[in-house]
Amino acid sequence: QAEAWLIGLCSDLHEPRGAGASKPLKGLASAYAKLTDGLVERSVEAKLLLLAALAGEHLFLLGSPGTAKSLLARRLSKVCEGSYFERLLTRFTVPEELFGPLSLHALEEDELRRKTQGY
């Protein structure tokens, strides 16, 4: 049901309506085309990535290896002219690896803050 709603919501991404189409809609169609170029059955994931990016929200893609999760993320970073990094999570991954170490100076002031510069 959610997939059908999203497809209906984003149906104009496939073909913006000619000269009368708005510039943002054409930009979305272009971004969608760049995300899905050469991919099979990844239209919903591409639309969700665009929706999350526009809304300023996060999207967690979970799936088997080789299902284009990282590829879609890399393409989105290029479309948005952003930076990209990836981290392989294991059961031994600790928060410091992802978010940086705790600031000892902040801990002395009873604050829980992480050092993020350079990590």
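See the structure above.
Residues numbered from 1 in each chain as written. Predicted model: local features only at pLDDT ≥ 70, side-chain atom pairs only at ≥ 80, totals over all residues. Heavy atoms only, no water.

Draft legend 1. Spatial organisation of helix 3 (residues 43-55). With 13 residues, helix 3 should reach 18 Å at 1.5 Å per residue; the first-to-last C-alpha distance of 18 Å fits that figure. Among the residues of helix 3, Val44, Ala46, Lys47, Leu49, Leu50 and Ala52 are the ones counted as buried. One or two residues past the end of helix 3 sits Gly56, with phi positive at roughly 70°. (Helix = DSSP H or I, 4+ residues; strand = E, 2+ residues; numbered from the N terminus. Expected span 1.5 Å × (residues − 1). Buried < 20%, exposed > 50% of the residue type's maximum accessible area, 1.4 Å probe, protein only.)

Draft legend 2. Up close: helix 4 (residues 69-79). Leu72, Leu76 and Ser77 are the residues of helix 4 that are buried. The arc that holds every buried residue of helix 4, seen down its axis, measures 135°, which confines them to one face. Phi turns positive, to about 55°, at Glu81, one or two residues after helix 4. (Arc of directions from axis to C-beta.)

Draft legend 3. Structural context of the nonpolar core. Counting residues in each nonpolar core, the largest one holds eight residues, listed as Ala31, Tyr32, Leu35, Ala46, Leu49, Leu50, Leu72 and Leu76. Elements with a contribution of two residues or more to this core: helix 2 (23-36), helix 3 and helix 4. (Core = buried A, V, L, I, M, F, W, Y, C linked by side-chain atoms within 4.5 Å.)

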